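Chain residues, written in single-letter form:
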Amino acid sequence: MSSQSRCRVCAGPLAEFFDFGRQPLSDAFVRPEDFADEFFVRLAVGICESCTMVQLMEEIPRDRMFHEDYPYVSSGSAVMREHFEKLARRLLATELTGDDPFVVELGCNDGVMLKAIAEAGVRHLGVEPSGGVAAMAHAKGIRVRTSFFEEETARDILATDGRADVIYAANTLCHIPYMESILRGVTALLAPTGVFVFEDPYFSEIVERTSFDQIYDEHFYFFTVRSVQAMAARFDLELVDVERLPVHGGEVRYTLAHAGARTPSEAVAELLEDENKRNLAAMPTLKGFARNVERIRDDLTALLRDLRNDGKRVVGYGATAKSATVTNYCGIGPDLVPFICDTTVAKQGRLTPGSHIPVREPAAFADPYPDYALLFAWNHAEEIMAKERAFREAGGRWILYVPEVHVV
Ligand code: SAM
Ligand code: TMP
Ligand code: ZN
């Protein structure tokens, strides 16, 4: 782990604007015998005073987070499966129409996006360092390389497969601090008319909705149009399109091309103007965000304590990586939330990192229904509330904490 006072993209000075204190690795679900070995970091976030890139103040060794037992499985949500299938169909119809096109995906996870590409018989390669999920992709007939993407990987791929028409990364680029190596690799691997498309949580949305739980060890960068534009320019790339996405609490899909290769769309200038109007990079805006985070913490813990004192049962729903920030920063343990149910088999039977709340299978939710369910997977609210309609009909209530603490 290394702390930094300089921007990981441009080496400009960083101004810290929030410190969540000591936090565990968000996906390190533990057994009691692992407690002594739990790894903690200071989770703090800052903005580069030069290029405005928002980033963590500490860098965590990548092998501690992404390894054989990395538990996050992308296909767990029906909405996300549909989201990625739709993108695959779009890429097949637009960017991958030439003679023998080739697409590379960074962080392909269990193959949720590449499945449709493979089925269409299009040449592809997933680059996925986490062995367990990479094996799931392989089992779906997807060509996977189990390694971290970086400049050397890109040069290797170039030597064996040639240039890529599309390089794609969903919820992955923001996980990678070593951006210089990544973008050098992308520049080398990308065909002259190719595109590098990536989608990640949008910092403007995080500030607007106070979705502070998007800040955890794995999310190193929090992109904006302004910071991505500046970053692209450093590597002879250009931001040519942006698209807002409703998934994962509000994301942006950025499209980069070699500088001068494509004409930027109107959407880029429009979203940039919106960011400027919001004063997104100004310290008073960021300090306002910090105050909102503290208010949510106080309101949520007060509500949970009141419910406990009234003898109400509260159960957590979705042991998300995001929930590690909520439980550890707010001091929520099994005394307030006795268990969290989650569909991920690898998380079940374990305890949440740091806060040590047991994770149980989804069937435990209805056995019997609690009075309240604290929805940690709020980014999947529509899908989950539709699936759990019977809970609400039986008189149960959902607790949400974004954009403020409320009960529905
Ligand atoms: N793309 C999937 C999605 O959107 O659901 C998976 C996202 S998951 C949150 C992030 C993935 O990035 C993990 O599977 C992790 O192993 C992978 N990853 C981390 N560092 C990487 C790197 N340097 N190159 C490629 N993949 C990486
Ligand atoms: P994510 O917010 O990072 O996508 O994580 C979602 C978590 O919530 C993941 O651990 C799976 C879990 N989950 C459920 O338990 N039930 C569901 O219906 C959905 C969509 C997710
Ligand atoms: Zn910078």
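- In the annotation of an unreviewed UniProt entry, the protein chain is listed under the name Class I SAM-dependent methyltransferase and assigned to Streptosporangium longisporum.

1. A look at the overall build of the protein chain
So, point 1. Along its length, the protein chain carries 13 helices and 19 strands.
So, point 2. The C-alpha radius of gyration computed for the protein chain amounts to 21 Å, which stays within 12% of the reference 22 Å derived for 408 residues, consistent with globular compactness.
So, point 3. Reported as C-alpha extents along the three principal axes, the dimensions of the protein chain are approximately 65 × 50 × 40 Å.
So, point 4. Long-range contacts, defined here as pairs at least 24 residues apart, represent 69% of the contacts in the protein chain between residues at least 6 apart.
So, point 5. With an accessible surface of roughly 16,400 Å², the protein chain has 48% of that area assigned to carbon and sulfur atoms.
So, point 6. Here the protein chain holds 43 positive side-chain charges and 61 negative ones, and the gap between their average locations is 2 Å.

2. Let's talk about the confidence of the model for the protein chain
Interpretation of this model should avoid reading the predicted coordinates in detail wherever pLDDT is low.
So, point 1. On average, the protein chain scores 97 in pLDDT, and the residues at 70 or more come to 100%.
So, point 2. By mean pLDDT, strand β1 (residues 2-3) is the weakest element of the protein chain at 71, and strand β9 (residues 164-170) is the strongest at 99.
So, point 3. In the predicted assembly, ipTM is 0.98 and pTM is 0.97.

3. Here's the deal with the pairing of strand β17 (residues 372-375)
So, point 1. Alternating positions in β17 separate into two faces, Y372 and L374 on one and A373 and L375 on the other, with burial throughout.
So, point 2. Across four bridges, strand β14 (residues 314-317) lies against β17 in parallel orientation. Residue pairing for β17: V315 is matched across the bridge by A373.
So, point 3. Here β17 pairs with strand β18 (residues 397-400) via three bridges, running parallel. Residue L374 lies in a different strand from β18, and its bridge partner there is I399.

4. Comments concerning the UniProt feature "domain: C-methyltransferase" (unreviewed entry) in the protein chain
So, point 1. Under the local residue numbering, the UniProt record ascribes the feature "domain: C-methyltransferase" (unreviewed entry) to residues 246-403.
So, point 2. Taken end to end, residues 246-403 comprises 38% helix and 15% strand; its first and last C-alpha atoms sit 15 Å apart.

5. Considerations on the UniProt feature "domain: Methyltransferase putative zinc binding" (unreviewed entry) in the protein chain
So, point 1. Here the UniProt-annotated "domain: Methyltransferase putative zinc binding" (unreviewed entry) positions come out as residues 7-66.
So, point 2. The annotated region residues 7-66 carries 7% helix and 42% strand content, and the separation between its end C-alpha atoms amounts to 23 Å.

6. Description of the site of ligand 2
So, point 1. Around ligand 2, 18 residues are found, and the nearest of them are K322, D342, K347, H380 and K387.
So, point 2. Contacts to ligand 2 include T343, whose backbone N or O atom sits 3.0 Å from an oxygen atom.
So, point 3. K387 has a polar side-chain atom sitting 2.4 Å from an oxygen atom of ligand 2.
So, point 4. Coverage of ligand 2 by the protein amounts to 95% of the 490 Å² it exposes when considered alone.
So, point 5. The element contributing the most residues to the shell around ligand 2 is helix α12 (residues 381-387), with three residues.

7. Structural notes on the site of ligand 1
So, point 1. Near ligand 1 lie 20 residues; those nearest to it are S74, G107, E128, S130 and N171.
So, point 2. At 2.9 Å, a backbone N or O of A170 approaches a nitrogen atom of ligand 1.
So, point 3. In this structure, an oxygen atom belonging to ligand 1 sits 3.3 Å away from a side-chain N or O atom of T172.
So, point 4. Expressed as a share of its isolated accessible area of 600 Å², the protein-covered part of ligand 1 is 97%.
So, point 5. Class assignment for the residues of the shell around ligand 1 results in 11 nonpolar, seven polar and two charged.

8. Here's the deal with the pattern of salt bridges
So, point 1. This model, assessed by the stated rule, comprises 26 salt bridges.
So, point 2. In this structure, the salt-bridge partner of D335 is R308, at a minimum N-O distance of 3.4 Å. On the criterion of sequence distance, the pair formed by D335 in the loop between α11 (322-330) and β15 (340-341) and R308 in helix α10 (residues 283-309) is long-range, its members being 27 residues apart.
So, point 3. Within this structure, E16, D19, R42 and E58 form a network of salt bridges that share partners.

9. Regarding the coordination of the zinc ion (ligand 3)
So, point 1. Surrounding the zinc ion (ligand 3) are the protein donor atoms C7 (SG), C10 (SG), C48 (SG) and C51 (SG), which sit 2.2 to 2.4 Å from the metal.
So, point 2. Around the zinc ion (ligand 3), the four donor atoms are arranged such that angles at the metal cover 99 to 114 degrees; this shape is classified as tetrahedral.
So, point 3. Summarised as a motif, the one-chain spacing of the donors to the zinc ion (ligand 3) is C-x2-C-x37-C-x2-C. With C7 in the loop between β1 and β2 (14-24) and C51 in the loop between β3 (40-48) and β4 (54-56), this pair connects stretches of sequence that are 44 residues apart.
So, point 4. Overall, C7 belongs to the buried group, its relative accessible area being 6%.

10. Focus on α10
So, point 1. Counted at 1.5 Å a residue, the expected span for α10 with its 27 residues is 39 Å, and the 39 Å between its end C-alpha atoms agrees.
So, point 2. When we look at burial in α10, the residues that qualify are T285, L286, G288, F289, A290, V293, I296, L300, T301, L304 and L307.
So, point 3. Positive phi shows up at G311, right after α10, with a value of about 75 degrees.

11. Topic: the sheet that holds β2
Within a sheet, neighbouring strands are paired by backbone hydrogen bonds and run either parallel or antiparallel to one another.
So, point 1. Pairing in this open sheet of four strands is antiparallel, and the strands run β2-β3-β4-β11 from one edge to the other. The open sheet has two edge strands with one neighbour each: β2 and β11 (221-222).
So, point 2. Docked against the sheet, α11 engages β2 and β3, running at close to 85 degrees with respect to β2.

12. Notes on the side chain of E59
So, point 1. For E59, the location among the structural elements is in strand β5 (residues 58-59).
So, point 2. Within polar-contact distance, the side chain of E59 engages the side chain of R8 at 2.7 Å.

13. Focus on the sheet that holds strand β7 (residues 123-127)
So, point 1. Taken together, seven strands build an open sheet; the order of strands is β8-β7-β6-β9-β10-β13-β12 and the sheet is mixed. Strand pairing shows two members of the sheet lacking a second neighbour, β8 (144-145) and β12 (237-245), which therefore form its edges.
So, point 2. In the sheet, β12 pairs with strand β13 (residues 251-258) via eight bridges, with the strands oriented antiparallel. Of the residues in β13, the one forming a bridge with R244 is V252.

Procedures and definitions
- Residues numbered from 1 in each chain as written.
- Chains lettered and ligands numbered in written order.
- Predicted model: local features only at pLDDT ≥ 70, side-chain atom pairs only at ≥ 80, totals over all residues.
- Heavy atoms only, no water.
- Helix = DSSP H or I, 4+ residues; strand = E, 2+ residues; numbered from the N terminus.
- Rg over C-alpha atoms; globule rule 2.2 N^0.38 Å.
- Contact = heavy atoms within 4.5 Å.
- Areas by Shrake-Rupley, 256 points an atom, 1.4 Å probe, with all protein chains shown as cover.
- Lys, Arg positive; Asp, Glu negative; His and termini not counted.
- Charge placed at Lys NZ, Arg CZ, Asp CG, Glu CD.
- pLDDT = per-residue confidence, 0-100.
- Buried < 20%, exposed > 50% of the residue type's maximum accessible area, 1.4 Å probe, protein only.
- Pairing = 2+ DSSP bridges.
- UniProt positions renumbered as here; feature names shortened; annotations may be inferred.
- Near = heavy atom within 4 Å.
- Polar contact = N/O pair within 3.5 Å; in protein donor to acceptor, adjacent residues only side chain to side chain.
- Nonpolar A, V, L, I, M, F, W, Y, C, P; charged D, E, K, R; others polar.
- Salt bridge = Lys/Arg side-chain N within 4 Å of Asp/Glu carboxyl O.
- Donors = N, O, S within 2.8 Å, 3.2 Å for Na, K, Ca; no water.
- Tetrahedral: all angles 85-135°; square planar, octahedral: opposite > 155°, others 65-115°.
- Expected span 1.5 Å × (residues − 1).
- Axes fitted to C-alpha atoms, helices over the stretch in contact; angles between N-to-C directions.

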